[in-house]
Amino acid sequence: MRVARILIFVALMLTSPLRMQGEGTMLSIVPQPRSVEQREGFFAYSDHLAVVCDKSVENYVGNYLQGGFGPVGVAVWCDPRMELPKGGYKLNVTPRGVQLCAPEREGLLNGFHTLLQLFPANVYERKGVGQCLLPCVSITDWPEYSYRGQHLDVARTYMPVDEIEEFISHLAHHKLNVLHLHLTDDEGWRIEIEGHPRLTEVGAWRGPDEPILPIYDKFNEKYGGYYSADELRHLVAYAAERGVTIVPEIDLPGHSLAIGKVYPEVLCPVERDNSARGGYDGRNVWCVAREENYQLLEEILGQVCDIFPSEYIHIGGDEVSSSWWRDCPHCSALYEERNMQSYAELQAYFMERVSNILLGLGRKPAMWNEATDSGTLPTSVRIHGWEGLEECRKVAEAGYPTVVMPGPYFYFDMRQSKSEHGHNWAGVVTAEKCYSVSLRELGYSPQARANVIGFSGAFWSELHVAYRDDYESYVEYQTFPRVCALSEVAWLPEERRSWGDFEPRLEHHKARLEAMGVSYRRGPPAPPVGRQITPSMRVTTSLPMSRDNALEKLSAYANDYGYRTTRTCHDGDWILYEFDGALRKGTSVELTTGYRHVVRGIFSEGVVEVSGDGVKFRQVANLHNGGATITLAEPVRAIRLRSTRTANGDGYVFVQYPIIRRPE
Ligand SMILES: [Zn+2]
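This is a predicted model, so every value here is computed, not measured.

Cut-offs applied
- Residues numbered from 1 in each chain as written.
- Predicted model: local features only at pLDDT ≥ 70, side-chain atom pairs only at ≥ 80, totals over all residues.
- Heavy atoms only, no water.
- Helix = DSSP H or I, 4+ residues; strand = E, 2+ residues; numbered from the N terminus.
- Expected span 1.5 Å × (residues − 1).
- Bend = angle between axes of the 7 residues up to and from the residue.
- Buried < 20%, exposed > 50% of the residue type's maximum accessible area, 1.4 Å probe, protein only.
- Contact = heavy atoms within 4.5 Å.
- Polar contact = N/O pair within 3.5 Å; in protein donor to acceptor, adjacent residues only side chain to side chain.
- Salt bridge = Lys/Arg side-chain N within 4 Å of Asp/Glu carboxyl O.
- Pairing = 2+ DSSP bridges.
- Right-handed = clockwise from strand over helix to strand, strands pointing away.
- Axes fitted to C-alpha atoms, helices over the stretch in contact; angles between N-to-C directions.
- Donors = N, O, S within 2.8 Å, 3.2 Å for Na, K, Ca; no water.
- Tetrahedral: all angles 85-135°; square planar, octahedral: opposite > 155°, others 65-115°.
- Parallel < 35°, antiparallel > 145°, perpendicular 65-115°, else oblique.
- Left-handed = near helix turned anticlockwise from the far one by under 90°.
- Nonpolar A, V, L, I, M, F, W, Y, C, P; charged D, E, K, R; others polar.
- Core = buried A, V, L, I, M, F, W, Y, C linked by side-chain atoms within 4.5 Å.

Caption draft 1: A look at helix α19 (residues 499-516). Helix length check: α19 (18 residues) gives 24 Å between terminal C-alpha atoms against 26 Å at 1.5 Å per residue, within 8%. Of all the bends in α19, the greatest measures close to 30 degrees and is centred on H508. Within α19, the full set of buried residues consists of W499, F502, R505, L506, H509, K510, R512, L513, A515 and M516. The inward-facing, buried residues of α19 contact α4 (161-173), α14 (431-435) and α18 (482-491).

This is the structure we're talking about:
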């Protein structure tokens, strides 16, 4: 029998070109395991061989390795007596087979995700791999950090459940074990709450005629969506099968415009003049002094806990505009009565009351780093540091269990090169930048480093709604390969990381991303053709500018960031570019309102008009995301952008000079 098997194997070797990981060169695993010993030889895997599997991971493993009824090729089992740190595993490939063993399920899944990377990339297509050679190897591995997360904002842009599932699957393949799901914000309330149907009937939608007005493009259509409790339970189970915990976030007490549109009474009763914003009402902060608010939050969080079994529930605490509290008679009275010295204390009062609700429900609170500003928050709260490595260091030094996810390294809504879509308040964030994060270099004390429980990426989705039609998947373009870099940051000790070692493995890993179906970023976009020219030009506008010489500077092509106006756009507003000599036919002109590469402060809807004589204008394009690139079909002396809608969600428009490229 044994001889027969060897003969079959030899026959296979001779007749079919067996594929193997690395093509005989090096093993290329992301994230890199702790200890890898590669040995001579291979195991000839075939779909016909049986896979014997611990019950706890049997279904999941079966998605990839179907397993026939022949002799055992792959054995996966739990041995609780194994001594390994949490999440650890041992993986052995010998010419006789594959053995994967771990003390518990979490380790088995981590080991299985390593094993998949020994296969040819097509294992991720889940159609069977046929036959292949697995390199003989002995791996002992465990994670450095218990929290290996990725945040996903589905509040600003709703994402369908199946897209979130796919995203979770990609995270699991990189041994990430937390999805931080940002479910509520100014732009939408996405979680169904029994007894409060209007939260999602009204609060989950935006549109020109909805209580929640559009901000990031799509100004003329209703859009949004929400998740039923059942859908979320399904998502929780889907993630759990892959070893991923979903930590839900209800962002409090700021970022609450959406619930405020449904229940205005939860906000501070403050009226303000919204005319510069075209009627947009910016109130988004819960009133701290209103007792009924805590009853409502108990009801909401009770249902959140019912759906999400995670130990921690994230309750926000970031970017609270305290001016609403300052102007609120009830909050002011509470402030006086308790002899508070700063609004950070008022926020801490709110956060502690909500924390107590969670503790009563048997859960623990997680918050953003500003929530600690008062210095009074108990150190049992888990803190997610987003503002910078220094802010993360402060909370870790203060004794808080800290998730490190500062914008300059881990905000995957930042652009990946200067000329790409994305935010830039935290700079350009490349995969290499993310990989380079170093707690040691930033002077974290050993105690602070011990309080860091892990790392997380973040994807804020305000630009997703604007750009999703321009990409196969804007989320995946922005998150991969940066998530691959993150996965190794969170898996290995800092001293073991090296970009020089990681980069070639990442290149190899891209074939796996392809096979998983991830539309990752292949590289920076091709540079524009044509020579950039700056003919003499004059910029004028119907809008009032915030700086006196702004239009002169723009006329001199002098400010790459553009200049603000002092109010939002109105229907009929215009920006006019007049050229001293005619621009030639075939010239390409890139026109932008708002920030370049970020859809804010734009003409929310509008048209481009050109004129050959500077007097008579002809419409040649509609604005898309506040801009347009046109190619001149005739000589042109003037170009005019005309707004056809009032208001853009901001109290200003950004006026830019045009980028003009002469035909080659
Ligand atoms: Zn108030």
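Now that the structure has been shown, we can carry on.
Caption draft 2: Local environment of the environment of E163. Tracing the sequence through the fold places E163 in helix α4. When its relative accessible area of 32% is taken as the criterion, E163 is described as partly exposed. Note: C-alpha distance between E163 and R198 (35 residues apart in sequence) is 25 Å. Here R468 takes part through its side chain, which lies 3.5 Å from a polar atom of the side chain of E163.

Caption draft 3: Structural detail: the pattern of salt bridges. All chains considered together, the criterion is met by 41 salt bridges. Among the salt bridges present, the one from R156 reaches D185, with a minimum N-O distance of 3.3 Å. Of this pair, R156 sits in the loop between β8 (147-153) and α4 while D185 sits in strand β10 (residues 184-185); the two residues are 29 residues apart in sequence, bridging distant segments of the chain. The structure contains a network of salt bridges with shared partners spanning D153, R156, D185, E187 and E462.

Caption draft 4: View of the pairing of strand β4 (residues 72-78). Of the pairings in the sheet, the one linking strand β3 (residues 50-53) to β4 comprises four bridges and is parallel in character. Counterpart to C53 in the pairing with β4 is V76. Handedness of the crossover joining β3 and β4 through helix α2 (residues 55-62) is recorded here as left-handed. When β4 meets strand β6 (residues 97-102), the two strands line up parallel, connected through five bridges. Each bridged residue has a counterpart across the sheet, and for V74 the counterpart in β6 is V98.

Caption draft 5: Structural context of the sheet that holds strand β26 (residues 618-622). Judged by pairing direction, the sheet is antiparallel, and its five strands sit side by side in the order β21-β23-β28-β25-β26 without closing on themselves. Each end of this open sheet is capped by a strand with a single partner; those strands are β21 (537-541) and β26. Along the sheet, successive strands turn relative to each other by an average axial angle of 20 degrees, direction set aside. In terms of strand pairing, strand β25 (residues 606-611) meets strand β28 (residues 636-643) through six bridges, oriented antiparallel. Each bridged residue has a counterpart across the sheet, and for G606 the counterpart in β28 is S643.

Caption draft 6: Summary view of the coordination of the zinc ion. Coordination of the zinc ion by the protein involves C268 (SG), C287 (SG), C328 (SG) and C331 (SG), with metal-donor separations of 2.3 to 2.4 Å. Classification of the site at the zinc ion as tetrahedral follows from its four donor atoms and the range of 104 to 116 degrees in their angles at the metal.

Caption draft 7: The packing of α18 against α19, seen in detail. Running from N to C, α18 and α19 point in directions that differ by 125 degrees, and their axes come no closer than 11 Å. As far as their axial angle goes, α19 and α18 are oblique. Once α18 is placed against α19, the crossing between them reads as right-handed. Of the residues in α19, those in contact with C484, A485 and E488 of α18 are F502, R505, L506, H509 and L513. Per-class residue counts for the contact of α18 with α19 are five nonpolar, one polar and two charged.

Caption draft 8: Structural detail: the nonpolar core. Ranked by internal contacts, the top residues of the largest apolar core, which has 174 residues, are L115, L134, L152, L179, I191, F410 and F455. Considering every element that reaches this core, the biggest residue donor is helix α8 (residues 291-307), with eight residues. Of all hydrophobic cores here, the second largest spans 32 residues; its members include L583, F603, V608 and L641.

Caption draft 9: Quick look at the side chain of Q478. Relative to the assigned elements, Q478 resides in helix α17 (residues 474-479). Beyond its immediate sequence surroundings of up to four residues, Q478 is in contact with F412, D413, M414, Q416, H421, G422 and F459.

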